[in-house]
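As a plain string of letters, each chain reads:
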Amino acid sequence: MKKTRRILRILLLVVLLCGLLTVSVLAADGEGDGPRMFGTFWALIPPLVAIVLALITKEAYSALFVGVVLGALFAADFAPVKTVDLVISDGLITALADNAGIFLFLVLLGILVALVNAAGGSAAFGRWAEKNIKTRAGASLATFILGVLIFIDDYFNCLTVGSVMRPVTDSHKLSRQKLAYLIDATAAPVCMIAPVSSWAAAVAGTAEGLDTGITGIQLFIKAIPYNFYSLLTFVFIIVIILMKFDYGPMIAYEKRARDGEDTGLDAKEEEQGNPKGRVLDLVLPVVVLIVFCTLGMLYVGGFFGTDWWGDTGLGGDFIGAFGNTDSYVGLPWGAIISLIIVVIYLLCRRVVTFKQAMECIPKGFNAMVAPILILSLAISLKTMTNSYLGLSVFVHDLMEGAASGLYKMLPAIIFAVACVLAFASGTSWGTFGILIPIVTAIFPAESPLMIIGISACCAGAVCGDHCSPISDTTIMASAGAQVEHVTHVSSQLPYAITVAAISFVCFILAGFIQSVAICLPIGVVLTVLVLFVIKKLTASKQPA
């Protein structure tokens, strides 16, 4: 009861704030062609309100919806009818229509997971893991390694690693929050440093045709060594696993898991499935899914002759096809073929009946309802912030002002701006889509700072996306680990902020030293030293 009253008070405070803003905006002088708040600091307010509400109330649905409504109010200049129209037509309906492909992929993957569980594949893999992975550190490292190996796409990474590793981490009493962190911390970072990934294609496509003197994919590859956030996140994960400690809210979740308490959404209702299930009943579906999703993305990109849009210029070009693909089409394409093959295989194995297989369809859909709802609201909020309030215009003006006086500090400034932009907007792709053209305009093509600036932009985009509760990758990580979304965000924030702070220092050094051979080792040493200090401080605060 007290918690409900607290939430209502917070929501009432937001409503009153909106009322005060209404008075101040309507009192402003002049009329423009667009919203009065377009391209101003006010474009940051709706996502920040949503993020703060989500962290305070521990509940994402109402927080995101308040953010969407606030964004629509700003975009409509507080006209009531236009506000409702923006929320419904341009927000929620557009989010569902434009992202139907990824929603379909989520549902298909949910069905596939339900099938594997029903066949006993997950339980068999859990039994195998108990015999072969002896420690909690081993379970964490296995999750990390699998996350690094699936570098093609972040959505695919989150959901596949979560499905495969949940039985393993559960058997070793690792909290779902820790699993979600390991998934999230490898998904986007590994995609951002893998030349063959959907993220590499997005960066290369954004940089293509700009005044850089090289192709987009060459620029991406040259920027990899300076992507301090992605690289140091991997160092951070390995060191914290080997040092066997946690800090921040993660301590409480790990203690609950060690004590045998439930820390996930499905912990109480996980089914054991058919006792005749074997490890192969989990491994084969995952391999089939990886193979056909990769083929699906190559097919859509035109590797086999004609792409999804009818062009024929990329036949046989592996990198070019990945650069041209659309994962919203390619992933469902591969998932539906994989699902059919897996159903046939499990029926032939006689570990599920046809009726049981069909019962997995609503089970899989139900498991993905929460991620789809959160993703729909998050995308609606991005639409309000980016398309209707001109967040990119505000950031562009901010960067131009910084460029005039702090030239060698610019990589660190670009990293910080990209972090804030990705955190507030929830989109890393949108962030580097905004900042890469600005970076290439600031630095000459022959300057080493141009490569470092691109790296800072990509690293900041990943960092902000990693921290943001409205990021689709963060939502996918929660779905993959089957954990409450807000607990995942709050428990991983201290970890992500630690790596971000070290990365910021490295970008300051890189602006002056301009040598990755010096800056990256310094970053690695700083990461290890910082973790030693945090461990000592954490241990001193723990009761004897």
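Source: prediction; values computed, not measured. Per chain, residue numbering runs from 1 following the sequence as it is written. Confidence filtering applies because this is a predicted model: local features only for residues at pLDDT of at least 70, side-chain atom pairs given and counted only at 80 or more, and all residues used for totals across whole chains, interfaces and linings. Hydrogens and water molecules were not included; the side-chain quantities draw on all heavy atoms of the structure.

**As for the side chain of N227**
Helix and strand labels come from DSSP, where a helix needs a run of H or I of at least four residues and a strand needs a run of E of at least two; each type is numbered from the N terminus. Secondary-structure assignment places N227 in the loop between helix 11 (216-223) and helix 12 (228-243). For N227, a relative accessible area of 2% corresponds to the buried category. Apart from residues no more than four positions distant in its own chain, N227 is found in contact with M192, I193, S455, C458 and A459. When accessible area is computed with a 1.4 Å probe and restricted to protein chains, residues below 20% of their type maximum are described as buried, those above 50% as exposed, and intermediate ones as partly exposed. Any two residues having at least one pair of non-hydrogen atoms within 4.5 Å are treated as being in contact.

**Things to note about helix 5 (residues 100-119)**
The span you would expect from a helix comes to 1.5 Å times its residue count less one. Across its 20 residues, helix 5 extends 29 Å between first and last C-alpha, which sits within 8% of the 28 Å expected from 1.5 Å per residue. G120, located one to two residues past helix 5, shows a positive phi value of around 85 degrees.

**Observations regarding the nonpolar core**
Nine residue types can take part in a nonpolar core, namely buried Ala, Val, Leu, Ile, Met, Phe, Trp, Tyr and Cys, and a core is a set of them joined through side-chain atoms within 4.5 Å. Core analysis: the biggest nonpolar cluster contains 169 residues, and Y229 and F415 have the highest contact counts within it. Among the elements that line this core, the one with the most residues is helix 5, at 14 residues. Setting aside residues no more than four positions away along its own chain, Y229 makes contact with F415, A459, V462, C463, H466, A496, V499, A500 and S503.

**Examining the side chain of S140**
Summarising the element assignment, S140 is placed in helix 7 (residues 136-149). Of the residues examined, S140 reaches a relative accessible area of 3% and is grouped as buried. Here S140 is in contact with L174, L182 and I241, once residues within four sequence places are set aside.

**Focus: the pattern of salt bridges**
Whenever a carboxyl oxygen of Asp or Glu lies within 4 Å of a side-chain nitrogen of Lys or Arg, that contact is scored as a salt bridge. Using the criterion set out here, one finds 6 salt bridges in the structure. The shortest N-O distance in the salt bridge between K178 and D246 comes to 2.9 Å. Of the two residues, K178 sits in helix 9 (residues 176-192) while D246 sits in the loop between helix 12 and helix 13 (250-258), which places them 68 residues apart along the sequence. Residue K178 shares its accessibility class with D246, and that shared class is buried.

**What about helix 21 (residues 428-442)?**
The terminal C-alpha atoms of helix 21 lie 21 Å apart, and with 15 residues this matches the ideal 21 Å at 1.5 Å per residue to within 8%. Note that bend, as reported per residue, equals the angle between axes fitted to the 7 residues terminating at that residue and the 7 residues originating from it. For helix 21, the principal kink sits at L435 and spans about 25 degrees; a proline, P437, occurs within the next four residues.

**Comments concerning the packing of aromatic side chains**
Aromatic pairing here means that ring centres of Phe, Tyr or Trp (its six-membered ring) are within 6.5 Å. Orientation follows from the plane angle: under 30 degrees is stacked, over 60 is edge-to-face, and everything else is tilted. Inspection of the entire model under this criterion finds 12 aromatic pairs. With centroids separated by 4.9 Å and ring planes inclined at 80 degrees, the aromatic side chains of Y181 and Y495 adopt a geometry described as edge-to-face. Taken together, the residues Y181 in helix 9 and Y495 in helix 24 (residues 485-513) connect sequence positions 314 residues apart. Given a relative accessible area of 1%, Y181 falls into the buried group. With centroids separated by 6.1 Å and ring planes inclined at 25 degrees, the aromatic side chains of F245 and Y247 adopt a geometry described as stacked.

**Let's talk about the packing of helix 5 against helix 17 (residues 354-367)**
Helix axes use the C-alpha atoms of the stretch in contact, all axes being lines fitted to C-alpha atoms, and the angles between their N-to-C directions lie in the range 0 to 180 degrees. Packing of helix 5 against helix 17 leaves a shortest axis separation of 7 Å and a crossing angle of 130 degrees. Viewed along their axes, helix 5 and helix 17 adopt a mutual orientation that is oblique. Taken as a pair, helix 5 and helix 17 cross one another with a handedness that is right-handed. In this structure, helix 5 uses V107, G110, I111, A114, L115 and A118 to contact helix 17, whose residues at the interface are A357, C360, I361, K363, G364 and F365. Under the convention adopted here, Pro, Cys and the residues Ala, Val, Leu, Ile, Met, Phe, Trp and Tyr are nonpolar, Asp, Glu, Lys and Arg are charged, and Gly plus all remaining residues are polar. Of the residues that constitute the contact of helix 5 with helix 17, the class distribution is 9 nonpolar, 2 polar and 1 charged. For this classification, under 35 degrees means roughly parallel, over 145 means roughly antiparallel, 65 to 115 means roughly perpendicular, and everything else is oblique. Note: crossing handedness is left-handed where the near helix turns anticlockwise from the far helix by less than a right angle, and right-handed where it turns clockwise.

**Some words on a nonpolar patch on the surface**
Together, L280, V283, L284, V287, V291, L295, Y299, F304, W308 and W309 line one region of the surface with nonpolar side chains, adding up to about 880 Å² of accessible area. Exposure remark for L284: the relative accessible area of 31% places this residue in the partly exposed category. Patch criteria: residues need more than 30% relative accessible area and no salt bridge. Like-charged residues are merged within 9 Å; nonpolar side chains of Val, Leu, Ile, Met, Phe, Trp and Tyr are merged within 5 Å. Note on areas: Shrake-Rupley, 1.4 Å probe, and residue coverage restricted to the protein chains presented here.

**A look at the packing of helix 5 against helix 14 (residues 280-301)**
Contact pair helix 5 / helix 14: the axes reach a minimum separation of 9 Å and the direction vectors enclose 160 degrees. Put simply, helix 5 runs roughly antiparallel to helix 14. Where helix 5 crosses over helix 14, the two elements pack in a sense that is right-handed. Residues F105, L109, L112, V116 and A119 of helix 5 pack against D281, L282, P285, L289 and C293 of helix 14. A breakdown of the residues in the contact of helix 5 with helix 14 according to their chemical character gives 9 nonpolar, no polar and 1 charged.

Take it as geometry only, folks, not as evidence of what the structure does.
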